[in-house]
Amino acid sequence: MANYVERLKNKIKIKKLDSNQPIGAWIFVIILNMVGFAGYFYLKVNHIQLGS
């Protein structure tokens, strides 16, 4: 049981970001997600349905 708990802790642990990854790409992805959520909420607030 103790081994299971240790493995679970290792999987949940937040890992450091790799310094070789381009930070600009991550900023773009985060901004794109925020725009998508904002559009979703805008459509919901104004009762606009895109599908049938």
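In this text, all values refer to a predicted model and were calculated from it rather than measured experimentally. (Residues numbered from 1 in each chain as written. Predicted model: local features only at pLDDT ≥ 70, side-chain atom pairs only at ≥ 80, totals over all residues. Heavy atoms only, no water.)

Asker: An account of a nonpolar patch on the surface is needed here, citing residue identities and associated values.
Answerer: On the surface, a cluster of nonpolar side chains totalling about 1,000 Å² of accessible area is made up of I23, W26, I27, F28, V29, I30, I31, L32, M34 and V35. Looking at where V35 falls in the secondary structure, it is placed in helix α2 (residues 23-45). V35 sits in the exposed class, given a relative accessible area of 55%. (Patch = residues over 30% accessible without salt bridge, like charges linked within 9 Å, V, L, I, M, F, W, Y side chains within 5 Å. Areas by Shrake-Rupley, 256 points an atom, 1.4 Å probe, with all protein chains shown as cover. Salt bridge = Lys/Arg side-chain N within 4 Å of Asp/Glu carboxyl O. Helix = DSSP H or I, 4+ residues; strand = E, 2+ residues; numbered from the N terminus. Buried < 20%, exposed > 50% of the residue type's maximum accessible area, 1.4 Å probe, protein only.)

Asker: Explain the environment of I48 to me, using residue names and the numbers behind them.
Answerer: By the element assignment, I48 lies in the segment after α2. Relative accessible area serves as the criterion here: at 40%, I48 is assigned to the partly exposed category.

Asker: Go over unusual backbone geometry with me, naming the residues and quoting the values.
Answerer: One non-glycine residue, H47, adopts positive backbone phi at about 55 degrees. Following the sequence through the fold, H47 ends up in the segment after α2.

Asker: Describe α2, and please don't skip the residues or the numbers.
Answerer: The terminal C-alpha atoms of α2, which comprises 23 residues, lie 33 Å apart, in line with the 33 Å expected from a rise of 1.5 Å per residue. Following α2 by one or two positions, H47 adopts a phi angle in the positive range, close to 55 degrees. (Expected span 1.5 Å × (residues − 1).)

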